[in-house]
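Report on the structure
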Amino acid sequence: MDFISILSIFVLACFVGYYVVWSVTPALHTPLMAVTNAISSVIVVGALIAAAASGLGAAGGVSKWLGLGAVVLASVNIFGGFAVTARMLAMYKKKEKK
Amino acid sequence: MEHVTTPSWAMFAYLVSGVLFILALRGLSSPATSRAGNRYGMIGMVIAVATTLVTHEIAGLPEIIGALAIGGGIGFVIARRIAMTAMPQLVAAFHSLVGMAAVLVGWAAYLNPEAFGIAEGGQIHAQSCIEMGLGIAIGAITFSGSIIAFLKLAGKMSGAPIMLPGRHVINLGTIIAILSLVGYFTVDQSLWVIGLISLLAFIIGFLLIIPIGGADMPVVVSMLNSYSGWAAAAMGFTLHNTAMIITGALVGSSGAILSYIMCKAMNRGFLSVIAGGFGAAPEAGAGGAPKEQRPWKRGSAEDAAFLMKEAESVIIIPGYGMAVSQAQHALREMGDVLKKEGVSVKYAIHPVAGRMPGHMNVLLAEANVPYDEVFELEDINSEFGQCDVAFIIGANDVVNPAAKTDKSSPIYGMPVFDVEKAKTVMFVKRSMGGVGYSGVDNDVFYMDQTMMLLADAKKMVEDIVKALAH
């Protein structure tokens, strides 16, 4: 992909983000932060690429370990973020009908 | 361009996971759809990870699975064990991890650019250099800034702003230095350039957050949320990955909007919050004048219970103090007893109550308060005129009428609850000493219809519940 198509995706996604986030109810702002936290860990994709590379030379070896470190950090966030969001959302209940 | 060719099905898969992330946020428009939204997010993540693993030749699968298992296990245990009151610091800690991961990925890409398809003959493309440099810088700022935010929120470091002399000049200089180095990185790809970028960015993250404290924390947390998104987006540019770019843009704008909402709810400019220093100890000149002693009334739990039992409607306004004393469960119990007595009970939440956006809503939800009894400022403020009791617990500045009347007040212009219109105001507070975060005295304390309930919030509410039982 060339730079301009990537930039287009980015700019359009910013607009989508803008409208989607304004539609989030204020009561759910804390879960919103937790879930955005979890999804921003999609950076794990970059970490996996580094970790999966067949280490060429010393620099490649270091790169691999950095990648593995990033995989650990990002996965703390992925699992932790989604789990804590699910835990919070499970607590939001409507009035019980009697 | 000489990038590693990603098969088109993989590009499509990344797009799908990007769309699923959008749906995850979309779901949060109501509690009813939110759980499905969270599941979309998880599916999106699984697709992104699986696609990456399938399309890359994997040299060491056991290590990768090990890393995923270690991180996942830690994350899962933390998510299970964390107390809801500790959510702000947990979110800050999570932000720091995203930031650090971005730095590590940037460094990994620098050391092994061929694996990422961003280099030719050992030279990294100029464009990739800028993207990588910015990604590392934003990631590092997110990391060190979030660590400070975490320490402040967890009470491991004083929440008070720490002011360095000439800090604006230092900060601006450092930011300019970082940007120049990122530019220079395109022509000189030496280790020291990227090393210095990282170092300076770690320092600036630290410097940016230490002068901000206390009630400005919701803005800080939202802002760091935004940074973590921009860091992911910058890395997405480097790796030409749609899922990362979409997510980064979503998270970046989400954090930015939340910061905006928080600033607006305090009637403060974003820049003045960032500049920091609000809520510092008053200057010697301003604080020197002796305060006049004004009469106020103290009530007991029994008085409060009696009045509320007789009331038709009670509006409860929780604030950070409720979170500190963990009074939410006792409060819900009080609400239940009152409802049985036929009293209408509602909860009113100010956008900046607590230490992060939506903090109070989560705590009330944890205590099983139905979300349709919880109202936002604009939706409930007109009801105070008809309300018998306004029950303020652990909040202060958000009910201070000075915000409406006193132009010299630091909180002037901030939207506040019109509690002075209620027939009776009950103010649960630890002592008459502290006067809220802003350090402004509150006229509500001294009104005829105000009853000060001086005790720890949780203990007071429990006593009221006991008194109601009689």
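All of these numbers come straight from a predicted model, not from anything done at the bench.

So, how was this worked out
Residues numbered from 1 in each chain as written. Chains lettered and ligands numbered in written order. Predicted model: local features only at pLDDT ≥ 70, side-chain atom pairs only at ≥ 80, totals over all residues. Heavy atoms only, no water. Domains from an automatic or database assignment. Contact = heavy atoms within 4.5 Å. Buried area = accessible area lost by both parts, 1.4 Å probe. Salt bridge = Lys/Arg side-chain N within 4 Å of Asp/Glu carboxyl O. Polar contact = N/O pair within 3.5 Å; in protein donor to acceptor, adjacent residues only side chain to side chain. Helix = DSSP H or I, 4+ residues; strand = E, 2+ residues; numbered from the N terminus. Nonpolar A, V, L, I, M, F, W, Y, C, P; charged D, E, K, R; others polar. Core = buried A, V, L, I, M, F, W, Y, C linked by side-chain atoms within 4.5 Å. Buried < 20%, exposed > 50% of the residue type's maximum accessible area, 1.4 Å probe, protein only. Pairing = 2+ DSSP bridges. Axes fitted to C-alpha atoms, helices over the stretch in contact; angles between N-to-C directions. Expected span 1.5 Å × (residues − 1). Parallel < 35°, antiparallel > 145°, perpendicular 65-115°, else oblique. Left-handed = near helix turned anticlockwise from the far one by under 90°. Phe/Tyr/Trp six-rings, centres within 6.5 Å; stacked < 30°, edge-to-face > 60°. Lys NZ or Arg CZ within 6 Å of the ring centre and 35° of its normal. UniProt positions renumbered as here; feature names shortened; annotations may be inferred. Patch = residues over 30% accessible without salt bridge, like charges linked within 9 Å, V, L, I, M, F, W, Y side chains within 5 Å. Areas by Shrake-Rupley, 256 points an atom, 1.4 Å probe, with all protein chains shown as cover.

All names here are of chain B. Segmenting chain B into domains produces domain 1 (8-274) and domain 2 (301-469). Summarising the inter-unit geometry, the C-alpha centres of domain 1 and domain 2 are found 36 Å apart. Counting from both sides, the interface comprises 22 residues of domain 1 and, opposite them, 20 residues of domain 2. At the boundary of domain 1 with domain 2, total buried surface from both sides reaches about 1700 Å², with 73% on carbon and sulfur atoms. Of all residues in domain 1, Met84, Thr85 and Ala265 bury the most surface against domain 2, accounting for 30% of the area lost on that side. On inspection of domain 1 and its partner domain 2, the count reaches 0 salt bridges. The tally of links from domain 1 across to domain 2 stands at 2 residue pairs in polar contact (both at pLDDT 80 or more). Elements that contribute at least two residues to the side of domain 1 that touches domain 2 include exactly helix H2 (31-55), helix H4 (87-111), helix H9 (217-239) and helix H10 (242-265). Tallied by class, the residues present in the side of domain 1 that touches domain 2 amount to 15 nonpolar, 5 polar and 2 charged.

Moving on, we get to the nonpolar core. Residues and elements named next belong to chain B. The biggest cluster of nonpolar side chains holds 197 residues, and the ones touching the most others in it are Ile317, Met334, Phe391 and Ile464. Considering each element in turn, this core owes the most residues, 16 residues, to H4. Structurally, this core is a two-domain feature, drawing no fewer than three residues from each of domain 1 (8-274) and domain 2 (301-469). Filtering out sequence-adjacent residues up to four positions away, Ile464 remains in contact with Ala301, Ala304, Ala305, Met308, Met334, Phe391 and Leu453.

Residues and elements named next belong to chain B. If you walk across this open sheet you meet the 6 strands as S5-S4-S3-S6-S7-S8, and the pairing is parallel. Bordering the open sheet on either side are strand S5 (374-376) and strand S8 (450-454), each of which pairs with just one other strand. Between one strand axis and the next, the sheet turns through 25 degrees on average, direction left out of account. Here strand S7 (residues 424-429) runs beside S8; their pairing, made up of 5 bridges, is parallel.

So, on to H9 of chain B. With 23 residues, H9 of chain B extends 33 Å between its outermost C-alpha atoms, agreeing within 8% with the 33 Å of an ideal straight helix rising 1.5 Å per residue. Buried residues dominate H9 of chain B, accounting for 21 of its 23 residues.

Residue and element names in this part refer to chain B. In contact at an axis separation of 7 Å, H9 and H10 are set at 160 degrees when each is read in the N-to-C sense. In terms of their interaxial angle, H9 and H10 are classed as roughly antiparallel. As H9 runs across H10, the sense of the crossing is left-handed. Class assignment for the residues of the contact of H9 with H10 results in 17 nonpolar, 12 polar and no charged.

By the definition in use, this model includes 13 aromatic pairs over all chains. Their ring planes at 70 degrees and their centres at 6.3 Å tell us that Tyr18 of chain A and Trp22 of chain A sit as a pair that is edge-to-face. Of this pair, Tyr18 of chain A and Trp22 of chain A both sit in helix H1 (residues 3-22), 4 residues apart, which is roughly one turn of the helix. On the accessibility criterion, Trp22 of chain A (37% relative accessible area) is partly exposed. Considering the side-chain rings of Tyr110 of chain B and Phe185 of chain B, the 5.9 Å spacing of their centres and the 40 degrees angle between planes classify their relative orientation as tilted. Of this pair, Tyr110 of chain B sits in helix H4 while Phe185 of chain B is found in helix H7 (residues 167-185), placing the two residues 75 residues apart along the sequence. Through a chain of ring-to-ring contacts, three or more aromatic side chains come together here, namely Phe3 and Phe10 of chain A together with Trp230 and Phe237 of chain B. Of note, Lys346 of chain B hangs over the ring of Phe375 of chain B, and the distance from its end group to the ring centre comes to 5.3 Å. Arg355 of chain B extends its terminal NZ or CZ atom over the ring of Tyr320 of chain B, reaching a point 3.7 Å from the ring centre.

Moving on to the UniProt feature "transmembrane region" (unreviewed entry) in chain A. All names here are of chain A. Within this structure's numbering, the places UniProt gives as "transmembrane region" (unreviewed entry) are residues 6-25, 32-53 and 65-90. Taken end to end, residues 32-53 is 82% helix and 0% strand, and its first and last C-alpha atoms sit 34 Å apart. Spanning residues 65-90, this segment combines 96% helix with 0% strand, and its end C-alpha atoms are found 37 Å apart.

All names here are of chain B. One pass over the structure, following the stated rule, counts 11 salt bridges over all chains. Its salt-bridge partner being Glu420, residue Lys404 comes within 2.5 Å of it at the nearest N-O pair. In this pair, Lys404 is assigned in helix H18 (residues 402-405) and Glu420 in the loop between H18 and S7, connecting sequence segments 16 residues apart. According to the relative accessible area criterion, Lys404 is partly exposed, its value standing at 34%.

A word on the interface of chain A and chain B. Contacts between the two partners involve 79 residues from chain A, matched on the other side by 102 residues from chain B. Area buried by chain A at its contact with chain B is led by Met33, Ile43 and Tyr92 of chain A, which between them contribute 9% of it. Summed over the shared surface of chain A and chain B, the result is 0 salt bridges. Across the chain A-chain B interface, the total number found is 18 residue pairs in polar contact (both at pLDDT 80 or more). Elements with a minimum of two residues in the side of chain A that touches chain B: H1, helix H2 (29-40), helix H3 (44-52) and helix H4 (57-89) of chain A. Examining the composition of the side of chain A that touches chain B, we find that 28 residues originate from one element, H4 of chain A, more than from any other.

A surface patch of nonpolar side chains, amounting to about 660 Å² of accessible area, comprises Val11, Phe15, Tyr18, Tyr19 and Trp22 of chain A together with Tyr260 of chain B. The element that contributes the greatest number of residues to the nonpolar patch is H1 of chain A, accounting for 5 residues. Here Tyr260 of chain B shows up in helix H10.

Moving on, we get to the pairing of strand S3 (residues 313-318) of chain B. Residues and elements named next belong to chain B. In terms of burial, S3 is a largely internal element, 6 of the 6 residues being buried. Taking every second residue as pointing to the same face, both faces of S3 are buried, with Ser313, Ile315 and Ile317 on one and Val314, Ile316 and Pro318 on the other. As defined by bridge partners, S3 adjoins strand S4 (residues 344-349) across 4 bridges and the pair is classed as parallel. Looking at S4, one finds that Ile315 is bridged to Lys346. For S3 and strand S6 (residues 389-393), the ladder comprises 5 bridges, and the chain directions are parallel. Paired with Pro318 across the two strands is Ile393, which belongs to S6.

Take the environment of Glu302 of chain B next. Along the chain, Glu302 of chain B falls in helix H13 (residues 301-310). Between the C-alpha atom of Glu302 of chain B and that of Ile464 of chain B, which follows or precedes it by 162 residues, the distance is 6.4 Å.

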